[in-house]
Amino acid sequence: MKTQHTRSHNTLVSLHIKPPRKPRDHAINWTIDSNVSLVDLGITLFEIVGETPAHKPDSPFEVTSLMQVMNKPSVNWNEDRIIVTESAWPQWRGISQSRFAARKGHYLFVYDQDLKIYNTLIDRNETNPLPETDPLAKELSIEITQFFTDQGLTPWSPPDHQIIDKLYIGRRIFPNRSTGKLVSNAIQLSKETVLG
């Protein structure tokens, strides 16, 4: 079983549930290749400790406990449910609004101004979005755009390129931890950015 998020090695997370390390349990071994959310994991932890979490019955998001997969290699949830992920880093840094993505079955939707749809069944690295002319892509685009609109979410717009340049220059200066030539390095990098 795994939980996945937006297209980045920093946010792709595998969830491994391991049985107790006892000799009699060595034969219990299976893998479930299915997307789950952190909310699913939270509900599961509540169930493990015997508590009941507060859950809004009118929520548009399907949430499920993972307890069943502790004992047998089958899932009891809808694998086509929509799982939303969010990167609030641009909003936190004050350079743009939050960025959203969603998974439904084996499709990944990156909710930008130009919606990108990836078929992860044949494109595991999420590098080739479905062409906009593809009839399936058009159908999926309408569905997921309506879903995000119903939640009051807007497509992500990238920040101004000058802000990106500023962050890029800072990233190149500060990792080397050389403060003696900090000003001359900043001037040189600024020239490279402007001329490049």
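In short, a report on the structure. (Residues numbered from 1 in each chain as written. Predicted model: local features only at pLDDT ≥ 70, side-chain atom pairs only at ≥ 80, totals over all residues. Heavy atoms only, no water.)

### A look at the overall build of the protein chain
Per the secondary structure count, the protein chain includes five helices and six strands. The order of α-helices and β-strands along the protein chain, N terminus first, is β-β-α-β-α-β-β-β-α-α-α. Relative to its 196 residues, the protein chain shows a buried fraction of 30%. Total accessible area computed for the protein chain in this model is approximately 13700 Å², and 54% of it derives from carbon and sulfur atoms. (Helix = DSSP H or I, 4+ residues; strand = E, 2+ residues; numbered from the N terminus. Buried < 20%, exposed > 50% of the residue type's maximum accessible area, 1.4 Å probe, protein only. Areas by Shrake-Rupley, 256 points an atom, 1.4 Å probe, with all protein chains shown as cover.)

### Concerning the nonpolar core
Counting residues in hydrophobic clusters, the biggest one holds 14 residues, and the most contacted among them are Ala 102, Tyr 107, Phe 109, Leu 115, Ile 117, Ile 144 and Phe 148. Within the residue set of this core, elements represented by two or more residues are strand E4 (99-104), strand E5 (107-111) and helix H3 (135-150). Among the elements that take part in this core, H3 stands out by supplying five residues, more than any other. Core analysis: the second largest hydrophobic core is formed by six residues, Leu 15, Ile 32, Leu 66 and Val 69 among them. (Core = buried A, V, L, I, M, F, W, Y, C linked by side-chain atoms within 4.5 Å.)

### Notes on the packing of aromatic side chains
In this structure the tally under the stated criterion is two aromatic pairs. Ring geometry for Tyr 111 against Phe 148: centres 4.2 Å apart, planes inclined by 15 degrees, an arrangement best described as stacked. Taken as a pair, Tyr 111 in strand E5 and Phe 148 in helix H3 lie far apart in primary sequence, 37 residues in all. A residue is classified by how much of its surface remains accessible, and Phe 148, at 0% relative accessible area, is buried. (Phe/Tyr/Trp six-rings, centres within 6.5 Å; stacked < 30°, edge-to-face > 60°.)

### Quick look at the sheet that holds E4
Taken together, the four strands give an open sheet; going across it, the order is E3-E4-E5-E6, and neighbouring strands pair in antiparallel fashion. In this open sheet, the two strands that pair with only one neighbour each are strand E3 (82-87) and strand E6 (116-119). Taking the axes of each pair of neighbouring strands and ignoring which way they run, one obtains an average angle of 20 degrees across the sheet. Packed on one face of the sheet, H3 meets E3, E4, E5 and E6 and runs near 55 degrees to E5. (Pairing = 2+ DSSP bridges. Axes fitted to C-alpha atoms, helices over the stretch in contact; angles between N-to-C directions. Contact = heavy atoms within 4.5 Å.)

Such coordinate-based values are descriptive only and should not be taken to indicate function.
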